[in-house]
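Structure assessment
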Amino acid sequence: MKIYTLFLTSCLAIANASAQTKPAKIDTLFFEDFNGKTLDRSRWNIEITGNTANNEQQAYVDAASTLYLVHNKKAEGAKKGALVIKPLYQPGYTSKEQKHYDFLSARINTRAKFEFTYGTASVRMKMSSGAGLWPAFWALGEGKWPDCGEIDVMETVGDSSWVSHALHGPGYFGNTPLAYRAFFDKGTDVSQWHVYAVDWTPNSLVFKVDDKVTYTVTKEMAEKYGRWAFDNPKFIIVNFALGGGYPNGVNKITFPYFGLSQHSVDLIKARKAKTLVDWVLVTKSKP
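Since this is a predicted model, take the numbers as computed values, not measurements.

Moving on to the sheet that holds strand β7 (residues 100-105). On the basis of which strands lie adjacent, the open sheet formed by 3 strands has the order β3-β7-β6 and mixed pairing. Looking along the sheet, the strands with just one partner apiece sit at the ends: β3 (58-60) and β6 (88-94). Across the sheet, the mean angle from the axis of one strand to that of its neighbour is 50°, orientation sign disregarded. Both β3 and β7 contribute to a ladder of 3 bridges, which runs parallel. Of the residues in β7, the one forming a bridge with Y60 is S105.

One pass over the structure, following the stated rule, counts 10 salt bridges. A salt bridge links K80 to D33; the shortest N-O distance between them is 4.0 Å. Within this pair, whereas K80 is found in the loop between β4 (67-70) and β5 (82-85), its partner D33 is found in the loop between β1 (26-32) and β2 (45-46), the two being separated by 47 residues in sequence. The salt bridge partner of K208 is D199, with a shortest N-O separation of 2.9 Å. Each of the two residues, K208 as well as D199, counts as buried. One salt-bridge network, in which partners are shared between bridges, spans E76, K126 and K274.

What follows is about the nonpolar core. Core analysis: the largest hydrophobic core is formed by 56 residues, its most contacted members being L83, F137, I151, Y196, L205, F230 and V280. Apart from the residues within four sequence positions on either side, F230 is in contact with Y118, G149, E150, I151, L167, H168, Y172, W200 and L205. Residues A75, A78, V84 and W193 belong to the second largest nonpolar core, which totals 7 residues.

Definitions and limits used
- Residues numbered from 1 in each chain as written.
- Predicted model: local features only at pLDDT ≥ 70, side-chain atom pairs only at ≥ 80, totals over all residues.
- Heavy atoms only, no water.
- Pairing = 2+ DSSP bridges.
- Helix = DSSP H or I, 4+ residues; strand = E, 2+ residues; numbered from the N terminus.
- Axes fitted to C-alpha atoms, helices over the stretch in contact; angles between N-to-C directions.
- Salt bridge = Lys/Arg side-chain N within 4 Å of Asp/Glu carboxyl O.
- Buried < 20%, exposed > 50% of the residue type's maximum accessible area, 1.4 Å probe, protein only.
- Core = buried A, V, L, I, M, F, W, Y, C linked by side-chain atoms within 4.5 Å.
- Contact = heavy atoms within 4.5 Å.

All quantities given are derived from atomic positions and should not be read as evidence of function.
Structure representation (structure tokens):
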């Protein structure tokens with residue numbers, strides 16, 4: 001009887017361990033692999049703005065010269081296709097707001113087409129490096145900023161050795177205290193393909209690079225500064241800004257453009273500054 005009891009106890013322990021390690025069921029809420037001929041506008045909006053924030057130096061336009069899809073070898077390692085955002089030097093451009101710019105770029109979002117509350121948002125990207133080149137993958141809520149909440153999953157401002165994560169909300173915005181620089185291992189940088197992700201739950205946001213946890217913000221941490229702004233739906237944004245307050249805060253460059261170096265301007269003029277996006281994925285664990 002004792003041997004039987006020990007055997008039964010062992011079997012139950014193995015069964016419990018197996019149940020605990022059983023993978024959670026995952027729902028795919030959104031997946032885009034940029035495999036078409038053009039951007040799917042039923043899922044994405046292309047923003048047009050000539051009234052940029054943060055002293056950025058670009059106007060966002062809807063143009064095939066700044067945003068397009070590529071396939072095969074031109075996708076540079078993306079399996080099915082890739083989105084390319086490539087800034088353009090076009091001095092003297094005047095927006096409909098009568099603002100003047102020397103650079104054009106692109107910004108897309110899923111506003112009113114796909115929004116989600118909680119889950120894992122991830123992207124596979126590679127980017128050119130250069131002081132003031134500012135690509136980003138992020139999520140934003142509806143309503144007045146920063147009350148709506150902003151999740152910056154990945155930003156880079158030209159230092160190829162790191163990317164940053166940040167949260168913005170009421171009481172913690174702009175030069176937010178909830179920010180972190182995630183440095184790459186030696187021999188790796190932003191110009192190579194990486195997967196950037198955030199796991200968003202009611203009580204925390206966990207940022208990852210290549211499936212490695214790099215930064216965690218809890219609700220308790222945020223509420224030291226202000227209201228937790230991450231219990232409402234967010235839409236996804238991918239953009240490529242040039243210069244501006246964040247890059248300038250890092251590189252201190254004011255000439256030839258605010259936050260944008262001459263080297264980066266030369267890259268843009270030569271059409272060598274670009275961001276490639278292989279795919280965007282949002283998933284959520286089933287209850």
